[in-house]
Amino acid sequence: MSRRPRKPKVREAEATTIVVLRLYIVGGAPNSVQAVANLEAICREHLKEGYRLEVVDVLEQPRRALAEGVLVTPSLAKLSPRPVANVVGNLSDRNKVVRALGLKAKAR
Amino acid sequence: MSDRSSLLCPGGAVKRPNVKLQKVAPRLAKRGPEQLAIEAGEIDAIVDHASHNIILLPAARRALHEAADRTSAAREGARLAPIANRVLADLPRNDYLGLMDGLEPVVLTYGTVLYEPGETIAHVHFPIDCLVSLLATVEGRRAMEVGLVGREGMVGIPLALGVEVSSVRALVQGTGRALRMNAARFKTAFKQCPPLRDALHRHACVMLAQARQTVACNQFHLVEARLARWLLMTSDRIPCEEFFLTQEFLADMLGVLRAAVNRAAGSFRQRDLIRYRRGRVRILDRKGLEAASCRCYTKIEGPGPRATWTATRS
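Residues numbered from 1 in each chain as written. Chains lettered and ligands numbered in written order. Predicted model: local features only at pLDDT ≥ 70, side-chain atom pairs only at ≥ 80, totals over all residues. Heavy atoms only, no water.

We now examine the overall build of chain A. Counting its secondary structure elements, chain A contains four helices and five strands. Ordered by position from N to C terminus, the α and β elements of chain A give α-β-α-β-α-β-β-β-α. Restricting the contact set of chain A to residue pairs at least 6 apart, pairs at least 24 apart contribute 69%. Per element, the accessible surface of chain A, about 6700 Å² overall, is 51% carbon and sulfur. (Helix = DSSP H or I, 4+ residues; strand = E, 2+ residues; numbered from the N terminus. Contact = heavy atoms within 4.5 Å. Areas by Shrake-Rupley, 256 points an atom, 1.4 Å probe, with all protein chains shown as cover.)

Spelled out as structure tokens, the structure:
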């Protein structure tokens, strides 16, 4: 009976970690629309099913945006796993987002 | 939503964005990520914590205004568009507009069963250019048509009479569009809108008369006369000249054998009353077909029942 290699176990642990994200936007505004599309593409590619994304429209929930310390929209917050991170803008700089999320960029 | 409208109201963020923007932008950290993103044009709004306001940047404000204009134009278009279903068209305009939010446009395709006997009616349908047969079923798959609903009526009449379960099979026999409303919403609308209630009571009365006359017609009249009546009734309920049906389907509708339908249709074709090719039927001579049909056609479709509707309506 051969011993199981340890590497796959680590990968499995990585895959089961759920990344919790919150994106603050203004629904219908061009940069916000772009940010949602960019973020979904990045999550699909790097996180598969392992993420939970909440999109908050600051015009519909302004008090929440104020309470949660949002300065501008679109603005992405990674809440877990720690450390927390923030990225502002339309998330078109894929590498910046990937770094902020603590993911490794895929070799192209 | 109230939050949203308060932010968009006069004197709010949308009216004087540039002034506010000039005040707020310096509050952000110099050369910080927020400032850099604003300069790169990647920001839609600034959350001003001092004034507890959301300040839209010009491009975002323009986009939202354009979207709002498009939505109101679409609503206005829908409000002014002709209403193709007669029950809805007969309602006072304000009552129709009140119903509009609950109406969902759908396409019903040939052969779809909307509900079977004994099934709960989930939606009512107001046909626009589709045609729905109501079939009474006997053991097995045999069924006979007892009602035909097109743009003049509504499918799901039992709901208007306080019954949630259908006693017939509702089968789409002409592909086309309809407006549908879910049962819960319909029940509320039916209670709140007396003109809709009156229109549907009249329609239920006409459907009952139609079913009674169909039973008598099927018992006493020849297949040829019944087929002529059925073709005329179908053509009355759809806006196009040509419709699709198979002989098997027709035999089911009339409760006769397929060979009998074939003979009757062949006779009409020879007399140039209809054209019938590969399941497509077109009426060529309407007067001739009316002459060939039994008097049940005028009883169901003629001035009698219609006069009753309008008399009670006014």
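With respect to topology, three strands assemble into an open sheet ordered E3(A)-E1(B)-E2(B), the strand pairing being antiparallel. For this open sheet the edge positions go to strand E3 (72-73) of chain A together with strand E2 (53-56) of chain B, each flanked by a neighbour on one side alone. Where E3(A) and strand E1 (residues 45-48) of chain B come together, two bridges link them in antiparallel fashion. In the strand pairing of E1(B), A:Thr73 is matched with B:Ala45. (Pairing = 2+ DSSP bridges.)

Taken together, the 24 residues of chain B in the interface contact 26 residues of chain A. Summed over both sides, the interface between chain B and chain A buries roughly 2100 Å², with carbon and sulfur atoms accounting for 63% of that surface. Where chain B meets chain A, there are zero salt bridges. For the side of chain B that touches chain A, the secondary structure elements donating two or more residues are helix H1 (2-8), helix H3 (33-39), E1, E2 and helix H4 (58-80) of chain B. (Buried area = accessible area lost by both parts, 1.4 Å probe. Salt bridge = Lys/Arg side-chain N within 4 Å of Asp/Glu carboxyl O.)

This part is about the packing of helix H10 (residues 223-237) of chain B against helix H11 (residues 247-254) of chain B. All names here are of chain B. As a packed pair, H10 and H11 sit with axes 11 Å apart at the nearest point and diverge in direction by 105 degrees. On the basis of the axis angle, H10 is roughly perpendicular to H11. Contacts from Arg-226, Leu-227 and Trp-230 of H10 reach H11 at Leu-250, Met-253 and Leu-254. (Axes fitted to C-alpha atoms, helices over the stretch in contact; angles between N-to-C directions. Parallel < 35°, antiparallel > 145°, perpendicular 65-115°, else oblique.)

On to empty space enclosed by the protein. All names here are of chain B. Counted by the stated rule, this structure contains two cavities of 30 Å³ or more. Estimates place the volume of the second largest cavity at around 40 Å³. Every residue along the wall of the second largest cavity is listed here: Leu-227, Leu-231, Leu-245, Leu-250, Ala-265, Ile-274, Tyr-276 and Val-281. Those elements that place two or more of their residues in the lining of the second largest cavity are H10 and strand E11 (274-277). Residue classes in the lining of the second largest cavity are distributed as eight nonpolar, no polar and no charged. (1 Å grid on protein atoms, 1.4 Å probe; cavity = no way out; pocket = protein on both sides within 12 Å on 5 of 7 lines; lining within 4 Å. Points joined across faces, edges and corners; volume = space filled by probe spheres on them. Nonpolar A, V, L, I, M, F, W, Y, C, P; charged D, E, K, R; others polar.)

What follows concerns the layout of surface pockets. Residues and elements named next belong to chain B. Considered as a void within the structure, the second largest pocket measures approximately 330 Å³ in volume. Elements that contribute at least two residues to the lining of the second largest pocket include exactly strand E7 (143-149), helix H7 (157-160) and helix H9 (194-220). Residue contributions to the lining of the second largest pocket peak at four residues, all from H9.

With that settled, consider the environment of A:Leu53. Residue and element names in this part refer to chain A. Note on placement: Leu-53 falls in strand E2 (residues 51-57). Residues Leu-53 and Val-20, 33 residues apart in the sequence, show an inter-C-alpha distance of 6.1 Å. Among all residues touching Leu-53, those that are not within four sequence positions of it are Leu-21, Leu-23 and Leu-39.

Our next topic: the environment of A:Gly27. All names here are of chain A. Considering the arrangement of structural elements, one finds Gly-27 in the loop between strand E1 (19-25) and helix H2 (30-46). The class for Gly-27 is partly exposed, based on a relative accessible area of 23%. C-alpha of Gly-27 to C-alpha of Val-55: the two residues are 28 residues apart in sequence and 9.5 Å apart in space. (Buried < 20%, exposed > 50% of the residue type's maximum accessible area, 1.4 Å probe, protein only.)

Here the focus is the pairing of E11(B). Going residue by residue along E11(B), you find B:Ile274 and B:Tyr276 tucked away on one face and B:Arg275 and B:Arg277 left uncovered on the opposite face. Taking the residues that link successive antiparallel strands as the turn, the E11(B)-strand E12 (residues 280-283) of chain B hairpin has two residues, and the phi of B:Arg278 there is positive, at about 45 degrees.

All names here are of chain A. Taken as a whole, this structure holds 14 salt bridges over all chains when the rule is applied. A salt bridge links Glu-68 to Arg-22; the nearest nitrogen and oxygen atoms lie 3.0 Å apart. Taken together, the residues Glu-68 in the loop between helix H3 (62-67) and E3 and Arg-22 in strand E1 connect sequence positions 46 residues apart. What makes Glu-68 partly exposed here is its relative accessible area of 35%.

Further remarks concern the sheet that holds E2(A). All names here are of chain A. Taken in spatial order, the four strands make up an open sheet running E2-E1-E4-E5, and their pairing is mixed. Lying at the two open borders of the sheet, with one neighbouring strand each, are E2 and strand E5 (85-88). Going across the sheet, the axis of each strand differs from the next one's by a mean of 20 degrees, ignoring polarity. Pairing between strand E4 (residues 75-80) and E5: four bridges, direction antiparallel.

Turning our attention to unusual backbone geometry. Put simply, A:Thr73 and A:Pro74 share a cis peptide bond, and its omega is -5 degrees. Even without being glycine, A:Leu91 reaches a positive phi, approximately 60 degrees. Of the residues examined, A:Leu91 reaches a relative accessible area of 4% and is grouped as buried. The backbone phi angle of B:His52 is positive, close to 55 degrees, even though this residue is not glycine. Structurally, the position occupied by B:His52 is in the loop between E1 and E2. Classification of B:His52 by relative accessible area gives exposed; the value is 57%.

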